[in-house]
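Survey of secondary and tertiary structure
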Amino acid sequence: MMWTKLIFVVTLLGFLVSSYQVSCEIVDSIVVDAIPPEVNTEAELLIDENLLDDENEPRSYRGAQLWRISYKDQQFKSAVSELQKTYKTSIWNIQMANSSNAYVDLFVKPAVVDDAREFLRKVQVPFNVIMDDVQDAIDTENPPLYETDLWQNRDGHSMTWTAYHNLDDIHKYLDFLAKSYGNLCSVKTIGRSLENRPLKVLRISNGDPSNKAVWIDAGIHAREWISPAAVTYVIDHLVANWDSETLDMKAIDWYILPVMNPDGYAYTHNGDRLWRKNRRRSAIRFCNGVDLNRNYGHKWGGQGASRQPCSETYAGSSAFSEPETKAVNDFLKKSGANFKASLSFHSYGQYILYPWGYDRKVPADHQDLDRVAREAAAAIKAVDGKVYTVGPAGSTLYPAAGGSDDWAKGDLKLKYSYTIELRDEGRYGFMLPANQIIASGEESLAFARVLARNLVNA
C-alpha cells in the first residue's frame, strides 16, 4: 500500500512538472472567457482550493467579494496580475472596448480579502467593492419558493420567467410545447451528456421547405443562468404569439438548444452555483470539467484555451472530445436544414461579438457581421435603453480559440455567427436577479427579429 501511494504521488508530480514545462499557461479559478496575456504572464499552481470539487455538500461563498479595478495603465495591470498570482483572485469580466474606462471585475475569496485589500493600499491602486458578499447574491437571485409556486402550472407547465428553473422544468417545458403545439413545435434529442442527460433541441417551424434556419444555444457555461432563461422566454413568446408574428420571423426554422451543458447546469443547482465547465472527470483529483466553449474544432487549442485540466478554460483532450459539443457538431453537419446563422447566448457584460475569437482578426465579410450586430444593438437599446458593445470577439475583448461562434463561421460557413453576452455590466455578475429575466428575454427577442429580417431580405 505504501509503495502504491508513493508511485501515485511521483506520477502526479511528474504530470504537474511536465504540464508546466509544456505550456506555461494562465490558470485562473473563475473567468468569464479567457484572460488577456498581459494580465498574468506566470503560470499559477495548478491545484487551487477555489477549484476543489467537493460533491458532498453545496459550496458556500460566504464572505467572498467582487471587486472592480481600473485597467487603464501598467500600474493597474501589474496589480491585477499580482492579485491573481499571489491571492488567487479570478476575473469574472473585462471591459476593454473603452480604453479610457477599461476595468476588470475580480472575484476575491474570503480568506484573502483582508490581505488583498492591504496589498492594493500599499501599491496605491483604488478599487470598488461591487458585491460585498457573493453568497448573499446567490441566496437572493431567485424569489422565495412560495412566490414561484403561485405562478407555476397556470398554462400546463412549470416555467414562469419570474424565477430561474432547474433542468427538469426546462426539459418538461420543451416536451409540453411539442405535445401541445405539434403543428409548430417538435423536440429532438441530438445526443446525451457525459452523465447521460439528454440534449434537447426544440424546432419551431411552419414547415415551409423554403425557410432558412437559425441555430440558437444557451447554457454552455453552467453558471450563466440568465442565458437559458432568456432563450426559453424567446421560445415562449414565439409559440404563444406565432399567429401575429411578422412574416420574417415565420420564414425561419428556429432550432433552439436551451441548455447545452445539462450536467454542469444541474450541478449549479445542487452543488456549486458558480461552476462553469461540464462534468468530465479528470485524472487529477479536484480538476474536473472541460470548457465547452473552448472545445469546438475551429482553431482548437489556440490562444485563450488551456491544455491544463485544472484551468477553467481547459479545452479538453482534443477538438470535440466532449459529447455535448460533438452532438451539436454532428447534428448541424448532418441536418438537412438550411442553416444561415448561429446565436450563442452567454453572460455577462452586454456584448454582441462576432468572429474571429481565436485571434485579433476579422473575416472577409466582417462589415456585414458588424452592420447586423449594430442594428441588433440599436434594437435592444430601443427596448429598454441597455447598451451592448459590438465588435469582433478577439479584438473587442481578447483572443479565445475553440469557441462556438468561430466554428459556426469557419467550419459550417454560416453567414452570421454571434456570441451575445447578456446582462449585466457587473453589479450582479452571474447572479442576475430573476426579476430581470423578462427584460433580458425581450432584448434577446429584439436580436432575433433583426437577424430574421436580414436573413429573409438577403
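Residues numbered from 1 in each chain as written. Predicted model: local features only at pLDDT ≥ 70, side-chain atom pairs only at ≥ 80, totals over all residues. Heavy atoms only, no water.

This next bit is on the overall build of the protein. A count of helical and extended segments in the protein gives 14 helices and 12 strands. Here the protein, with 458 residues, has 59% of them falling under the buried criterion. (Helix = DSSP H or I, 4+ residues; strand = E, 2+ residues; numbered from the N terminus. Buried < 20%, exposed > 50% of the residue type's maximum accessible area, 1.4 Å probe, protein only.)

Moving on, we come to the packing of helix α6 (residues 167-180) against helix α7 (residues 226-240). α7 packs onto α6 with a crossing angle of 15 degrees between their chain directions and a minimal axis gap of 12 Å. Regarding the angle of α6 to α7, the classification is roughly parallel. Crossing hand, α6 versus α7: left-handed. Contacts between α6 and α7 involve Ile-170, Tyr-173, Leu-174 and Leu-177 from the first element and Pro-228, Thr-232, Ile-235, Asp-236 and Val-239 from the second. (Axes fitted to C-alpha atoms, helices over the stretch in contact; angles between N-to-C directions. Parallel < 35°, antiparallel > 145°, perpendicular 65-115°, else oblique. Left-handed = near helix turned anticlockwise from the far one by under 90°. Contact = heavy atoms within 4.5 Å.)

Another point: the nonpolar core. Formed by 61 residues in total, the largest nonpolar core has its most connected members in Ile-204, Ile-235, Trp-254, Ile-352 and Tyr-418. The residues contacting Ile-352, other than those within four sequence positions of it, are Ala-373, Ala-376, Ala-377, Ile-380, Tyr-388, Thr-389, Val-390, Gly-391, Tyr-418, Thr-419 and Phe-447. Core analysis: the next-biggest nonpolar cluster, separate from the first, contains 26 residues, Tyr-87, Ile-94, Val-112 and Val-113 among them. (Core = buried A, V, L, I, M, F, W, Y, C linked by side-chain atoms within 4.5 Å.)

Tallied over the entire structure, the rule returns 26 salt bridges. Residues Arg-276 and Asp-291 are paired through a salt bridge, measuring 2.6 Å at the closest nitrogen-oxygen approach. Of this pair, Arg-276 sits in the loop between α9 (262-270) and α10 (323-334) while Asp-291 is found in the loop between α9 and α10, placing the two residues 15 residues apart along the sequence. Of the two residues examined, Arg-276 and Asp-291, each falls in the buried class. Here the residues in one salt-bridge network are Arg-62, Asp-133, Asp-136 and Asp-139, joined through shared partners. (Salt bridge = Lys/Arg side-chain N within 4 Å of Asp/Glu carboxyl O.)

Looking at the secondary structure, you find Lys-212 in strand β7 (residues 212-218). On the basis of relative accessible area, Lys-212 is assigned to the partly exposed category, the value being 22%. Once the C-alpha coordinates of Lys-212 and Lys-340 are considered, the two residues, 128 residues apart in sequence, prove to be 6.5 Å apart. Once you skip the residues sitting within four places of it in the chain, Lys-212 turns out to touch Ala-251, Ile-252, Asp-253, Asn-338, Lys-340, Leu-455 and Ala-458.

A word on the packing of aromatic side chains. Counted according to the given criterion, the structure contains 18 aromatic pairs. Between Trp-161 and Tyr-173, the ring centres sit 5.5 Å apart and the planes meet at 75 degrees, which makes this aromatic pair edge-to-face. Linking Trp-161 in the loop between α5 (145-151) and α6 with Tyr-173 in helix α6, this pair joins segments that are 12 residues apart in sequence. Classification of Tyr-173 by relative accessible area gives buried; the value is 1%. (Phe/Tyr/Trp six-rings, centres within 6.5 Å; stacked < 30°, edge-to-face > 60°.)

Bringing the sheet that holds strand β2 (residues 90-95) into the picture now. The antiparallel open sheet is built from four strands, whose spatial order is β2-β3-β1-β4. A strand with exactly one partner marks an edge of an open sheet, and here the two such strands are β2 and β4 (128-131). Strand-to-strand twist across the sheet, computed as the mean angle between neighbouring axes with direction ignored, equals 30 degrees. The pairing of β2 with strand β3 (residues 103-108) spans five bridges and is antiparallel. Counted as the bridge partner of Ser-90 is Phe-107 from β3. (Pairing = 2+ DSSP bridges.)

Glancing now at the pairing of strand β5 (residues 185-192). Across six bridges, β5 lies against strand β6 (residues 198-204) in antiparallel orientation. What sits directly across from Thr-189, in β6, is Lys-200. Counting the residues in the hairpin turn of β5 and β6 gives five residues, including Asn-196, whose phi is positive at 70 degrees.

Before going further, it helps to examine the packing of helix α2 (residues 74-87) against helix α3 (residues 113-122). Between α2 and α3, the shortest axis-to-axis distance is 11 Å and the interhelical angle comes to 150 degrees. Overall, the two elements α2 and α3 adopt an arrangement that is roughly antiparallel. As for the relative orientation of α2 and α3, their crossing is right-handed in sense. Taken together, the residues of α3 that come into contact with α2 (itself represented by Ala-79, Glu-82, Leu-83 and Tyr-87) are Asp-115, Ala-116, Phe-119 and Leu-120. Within the contact of α2 with α3, the residues separate by chemical class into six nonpolar, no polar and two charged. (Nonpolar A, V, L, I, M, F, W, Y, C, P; charged D, E, K, R; others polar.)

Let us look at the sheet that holds strand β12 (residues 416-422). Strands pair in a sheet through their backbones, by hydrogen bonds, and they do so in one of two ways: parallel or antiparallel. Spatial strand order, β5-β6-β8-β7-β9-β12-β10-β11: eight strands in an open sheet with mixed pairing. Among the strands making up the open sheet, the edge pair consists of β5 and β11 (389-392). Recorded for the sheet is a direction-independent mean angle of 20 degrees between the axes of neighbouring strands. Two elements, β7 and strand β8 (residues 252-257), share six bridges in a ladder whose sense is parallel. When the bridges of β8 are listed, Ala-213 appears paired with Asp-253. The sheet contacts of helix α11 (residues 366-384) involve β10 (351-354), β11 and β12, and relative to β12 the element is tilted by about 35 degrees.

With that settled, the discussion passes to the confidence of the model for the protein. Model confidence for the protein is summarised by a mean pLDDT of 88, while 85% of its residues fall at 70 or above. Between residues 1-53, whose pLDDT stays under 50, and residues either more than four places distant or in other chains, the model counts 124 contacts. (pLDDT = per-residue confidence, 0-100.)

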